[in-house]
Amino acid sequence: MQTIIEPFRIKSVEPIWFTTKEQRISTLEKAFYNPFLIHADDVLIDLLTDSGTSAMSSNQWAGVMKGDESYAGSPSYYTFKKAVQDITHMPEVIPTHQGRAAEKILFSILGGKGKYFVSNTLFDTTRANIEFSGAEGIDLLCDEGKHPSIPAPFKGNMDIDALKKVIAEKGAANIPLCILTITNNSGGGQPVSMKNIREVKQVCKENNIPLFIDACRFAENSYFIKLREEGYAIKSVREIANEIFSYADGCTMSAKKDAFANIGGFLAMNDKELATKCRNLLIITEGFPTYGGLAGRDLEAIAIGLNEVMDEHYLQYRIRSIEYLTNKLVDAGVPVMQPAGGHAVYIDAKEFLPHIPVKQYPGQALVGALYTEGGIRSVEIGSLMFGKYDDNKKLIPAHMELVRLAIPRRVYTQSHIDYVAEVIIEVFNNRYNIKGLSIIEEASMLRHFTVKLKPVTE
Ligand SMILES: *Cc1c(COP(=O)(O)O)cnc(C)c1O
């Protein structure tokens, strides 16, 4: 087979700043071992997130120039609305400045004490917005999804039996929404199958619970369905996306992911009454309903990005580059989540660093080591991000201790990825020198963004 090449050429470049290992050791110490506190100029390859870090196309930049900044009724809003509707077929389209703004509005209206939101896995901002409203979020990930090293085609699926059980226990009336996150970001960027979406919808329908899609990576999920699910090879990605959304009553989206935009998001739904309530809140917090929290130019860029992302040459390159890095690591014996997800490679830090106990945050320790060794910035998705404390201030760990290397869209080339693999393998070969971490300072919610840590000294 021929090499799958980057399906673009480069018209404008940004320099990467090089640092020495000594400089990085000092930078990491000054950043309290938290990658979010590092100055981005001190990062060589930035795999902190795939959010808002995409390279926009020349077409999107042309759209930026075309953007109309009318306060009300901007033509850019109608272009945006049409792009969203061509994918979702949902009548109500509400622009927001990010995905979490859409979540904040939705859960302020539907949440509250005594309410439960069920999901395959809630992303951290989604869970935080649910909990901030006083409600509870419940993750019901399928069994395969909980074992990083065991391959399965759709590890993002929801556990249908668990869903039925939770509905029976909590009562359908106390569950305002069921949310499917596609692909499952916190669970390894793993896709959800069409069969699972259909089955979840069936259970929701029987219980009168609306189904919402957290659609941040709808195109990557659709492409996995095309590749892996029987009967979908002949369908276009747009047809597959249309089918996914046909089972949903609404969706939230961060345009910073599968819309190649640097900012933006939206809320879309079928229910007109709910949409009116959302728009009333939108006006207080984001802006007038035809721009939300965005400039007209952003709406244009998102509309173009939503169409570009469904290009199958792009998706083939996208999915292949994640798989390429995953395979290189697997060949070197590095424990990674398998099979490869859609937007990131996930290292199993518990297995990578068996000498570091979970309460010393092995994921965060590995994040630090990748930075000092090669200037690579990654993020912990484990007990630092999701851990809770019991009444005795003892850590209740997360399901898994993962380190995520998120690949920005259309930004890095194959040699960048080769370099990343070399650094990880070097760190793996010297892994027993890595020490655990302890927390000096933390916030009560989303603590991983601002937490300060120090190395554990025996
Ligand atoms: C990024 C993300 C969000 C939040 O979107 P923002 O634009 O960062 O606010 C919600 N859900 C998932 C699955 C995400 O990946």
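Everything quoted here is computed from the prediction, not taken from an experiment. For every chain, the first residue of its written sequence is number 1, and the numbers climb from 1 along that sequence. Residue-level local features of this predicted model are given only where pLDDT is at least 70; pairs of side-chain atoms are given and counted only at 80 or more, and the full residue set underlies all totals for whole chains, interfaces and linings. Side-chain numbers here rest on the full set of heavy atoms in the structure, without hydrogens or water.

Novice: What exactly am I supposed to notice about the sheet that holds strand β11 (residues 379–381) here?
Specialist: Adjacent strands of a sheet pair through backbone hydrogen bonds, lying either parallel or antiparallel. Any two strands with at least two DSSP bridges between them are considered paired. Numbering of helices and strands starts at the N terminus; helices are DSSP runs of H or I of at least 4 residues and strands are runs of E of at least 2. The strand order β9-β14-β11 describes an open sheet built from three strands, whose pairing is antiparallel. Each edge of the open sheet is held by one strand with a lone partner, namely β9 (344–348) and β11. Neighbour-to-neighbour, the strand axes of the sheet open up by a mean angle of 35°, direction not taken into account. Of the pairings in the sheet, the one linking β9 to strand β14 (residues 402–406) comprises five bridges and is antiparallel in character. If you follow Val-345 over to β14, its bridge partner there is Leu-405. Should any heavy atoms of two residues lie within 4.5 Å, those residues are counted as being in contact. In this description, a line fitted to the C-alpha atoms serves as the axis of each element, helices being fitted only across the stretch in contact, and the angle between N-to-C directions of two axes falls anywhere from 0 to 180 degrees. Taken strand by strand, helix α14 (residues 362–374) contacts β9, β11 and β14, and its axis lies near 40° from that of β14.

Novice: For this particular structure, what's the right way to read the state of the cysteines?
Specialist: What makes a disulfide is a covalent bond joining the sulfur atoms belonging to two cysteines. For the purposes of this analysis, a disulfide is any pair of cysteine sulfur atoms at a distance within 2.5 Å. Scanning the model with the defined rule gives zero disulfides in all. Here Cys-142 stays free of any disulfide, with the sulfur of Cys-178 as its closest cysteine sulfur at 14 Å. Not part of a disulfide, Cys-251 finds its nearest cysteine sulfur in Cys-216, a span of 9.6 Å. On the accessibility criterion, Cys-251 (1% relative accessible area) is buried. In this scheme, a residue with accessible area under 20% of its type's maximum is buried, one over 50% is exposed, and one in between is partly exposed, where area comes from a 1.4 Å probe on protein chains only.

Novice: Help me understand the site of the ligand, please; the structure alone is not making it clear to me.
Specialist: By convention in this text, a residue qualifies as near a molecule or strand provided that one of its non-hydrogen atoms is within 4 Å of it. Every one of the 15 residues lining the ligand counts as a neighbour, but Arg-100, Asp-214, Arg-217, Ser-254 and Lys-257 are closest to it. Polar contacts, as used here, are pairs of N or O atoms within 3.5 Å; protein pairs need one atom able to donate a hydrogen and one able to accept it. Residues neighboring in sequence count only if both atoms are side-chain atoms. A distance of 2.9 Å separates an oxygen atom of the ligand from a polar atom in the side chain of Gln-98. Within the side chain of Ser-254, one N or O atom sits 2.6 Å away from an oxygen atom of the ligand. If you tally residues by element for the shell around the ligand, the top one is helix α4 (residues 99–110), at three residues. We call Asp, Glu, Lys and Arg charged. Ala, Val, Leu, Ile, Met, Phe, Trp, Tyr, Cys and Pro are nonpolar, and the rest, Gly among them, are polar. Classifying every residue of the shell around the ligand by side-chain character gives two nonpolar, seven polar and six charged.

Novice: Where do I start with the domain arrangement of the protein chain in this structure?
Specialist: Think of interface size as the accessible area that goes away when the parts come together; that is how it is often given. Taken domain by domain, the protein chain consists of domain 1 (21–50 + 311–455) and domain 2 (58–308). In this document the domain limits rely on a domain assignment from an automatic tool or a database. Each of domain 1 and domain 2 has a C-alpha centre, and the two are 26 Å apart. Contacts between domain 1 and domain 2 engage 31 residues on the former and 37 residues on the latter. Here domain 1 packs against domain 2, burying approximately 2,900 Å² in sum over the two surfaces, 59% of which is carbon and sulfur. Take the accessible area each of two parts loses on contact, using a 1.4 Å probe, and add the two losses: that sum is the buried area. The largest share of the area that domain 1 buries against domain 2 comes from Glu-312, Leu-315 and Arg-409, three residues that together contribute 18% of it.

Novice: Help me out: how do you make sense of helix α5 (residues 124–132) in this one?
Specialist: An α-helix turns once per 3.6 residues; consequently, residues spaced three or four apart project the same way. α5 sits mainly inside the fold: seven of its nine residues count as buried. When we look at burial in α5, the residues that qualify are Asp-124, Thr-125, Thr-126, Arg-127, Ala-128, Asn-129 and Ile-130. Tucked into the core, α5 has its buried residues touching α4, β3 (116–119), β4 (136–139), β5 (177–181), β6 (211–214) and α15 (383–386). Positive backbone phi, approximately 100°, marks Gly-134, located one or two places after α5.

Novice: Explain the packing of helix α12 (residues 312–331) against helix α16 (residues 414–429) here, please?
Specialist: Think of two packed helices as two axes; the pair is described by the angle between the axes and how far apart they sit. In the contact formed by α12 and α16, the axes pass within 10 Å of each other and the chain directions differ by 30°. What the angle tells us is that α12 and α16 run roughly parallel. Between α12 and α16 lies a crossing of right-handed hand. Across the interface between the two elements, Tyr-324, Leu-325, Lys-328 and Leu-329 from α12 touch Gln-414, Ile-417, Asp-418, Val-420, Ala-421, Ile-424 and Ile-425 from α16. Residue composition of the contact of α12 with α16, by class: eight nonpolar, one polar and two charged. By definition in this entry, angles of less than 35 degrees are roughly parallel, angles greater than 145 are roughly antiparallel, angles of 65 to 115 are roughly perpendicular, and the rest are oblique. By convention the crossing between two helices is left-handed if the near helix lies anticlockwise of the far one by an angle smaller than a right angle, and right-handed if it lies clockwise.

Novice: I would appreciate a short explanation of a nonpolar patch on the surface in the present structure.
Specialist: Patch construction takes residues with relative accessible area above 30% that form no salt bridge. Like charges are linked within 9 Å, and nonpolar side chains (Val, Leu, Ile, Met, Phe, Trp, Tyr) are linked within 5 Å. Using a 1.4 Å probe, the Shrake-Rupley method yields the accessible areas, and only the shown protein chains count as cover for residues. Think of a salt bridge as a Lys or Arg side-chain nitrogen and an Asp or Glu carboxyl oxygen that are within 4 Å of each other. Together, Phe-32, Leu-37 and Ile-440 line one region of the surface with nonpolar side chains, adding up to about 250 Å² of accessible area. Turning to its location among the elements, Leu-37 is positioned in the loop between α1 (21–30) and β1 (45–46). Owing to a relative accessible area of 37%, Leu-37 belongs among the partly exposed residues under this scheme.

Novice: I tried to follow the nonpolar core on my own but got confused; where do I start?
Specialist: One broad rule of soluble globular proteins: the nonpolar side chains tend to lie buried together. In this description, a nonpolar core means a group of buried Ala, Val, Leu, Ile, Met, Phe, Trp, Tyr and Cys residues linked to one another through side-chain atoms lying within 4.5 Å. Counting residues in each nonpolar core, the largest one holds 64 residues, and the members touching the most others are Val-118, Val-200, Ile-213, Phe-218 and Leu-306. Shared between two domains, this core holds at least three residues of each, these being domain 1 (21–50 + 311–455) and domain 2 (58–308). For Phe-218, the residues in contact, after removing those within four places along its chain, are Ile-87, Ile-182, Ala-241, Phe-245, Met-253, Asp-258, Leu-306, Val-309 and Met-310. By size, the runner-up hydrophobic cluster in this structure holds 46 residues, among which are Ile-376, Ile-417, Ala-421 and Val-451.

Novice: Quick question: what am I supposed to make of the sheet that holds strand β8 (residues 265–269) here?
Specialist: One open sheet accounts for seven strands, arranged β2-β8-β7-β6-β5-β3-β4; its pairing is mixed. Looking at strand neighbours, the two that pair on one side only are β2 (92–96) and β4, the edges of this open sheet. The sheet shows a mean angle of 20° between the axes of neighbouring strands, direction not considered. Pairing geometry for β3 and β4, over four bridges, is parallel. Residue Val-118 lies in a different strand from β4, and its bridge partner there is Ile-138.

Novice: I would appreciate a short explanation of the packing of aromatic side chains in the present structure.
Specialist: Any two of the Phe, Tyr and Trp rings considered here, Trp counted by its six-membered ring, make a pair once their centres fall within 6.5 Å; the pair's planes then place it as stacked at under 30 degrees, edge-to-face at over 60, or tilted in between. Inspection of the entire model under this criterion finds twelve aromatic pairs. Centroid distance Phe-80 to Phe-266: 5.9 Å. Interplanar angle 80°. Geometry classified as edge-to-face. In this pair, Phe-80 sits in helix α3 (residues 75–88) while Phe-266 sits in strand β8, placing the two residues 186 residues apart along the sequence. There is no split in this pair, since Phe-80 and Phe-266 are both buried. Following the ring pairs from residue to residue traces out a cluster consisting of Phe-8, Phe-260, Tyr-314 and Tyr-317. Charge-over-ring placement is defined geometrically: NZ (Lys) or CZ (Arg) within 6 Å of the ring centre, and within 35 degrees of the ring normal. Sitting over the ring of Phe-123, Lys-257 keeps its end group 5.5 Å from the ring centre. Lying across the ring of Phe-260, Arg-410 places its NZ or CZ 3.6 Å from the centre.

Novice: Whenever I open this one, the packing of helix α2 (residues 58–66) against helix α11 (residues 296–308) confuses me. Can you help?
Specialist: Orientation of α2 relative to α11, taken along the N-to-C sense of each, is 150°, at an axis distance of 7 Å. The angle between the axes of α2 and α11 places the two elements in the roughly antiparallel class. Remark: the crossing between α2 and α11 carries right-handed chirality. Packed against α2, whose contacting residues are Asn-59, Gln-60, Gly-63, Val-64 and Lys-66, the element α11 presents Arg-297, Glu-300, Ala-301, Ile-304, Gly-305 and Glu-308 at the interface. Residue composition of the contact of α2 with α11, grouped by class: three nonpolar, four polar and four charged.

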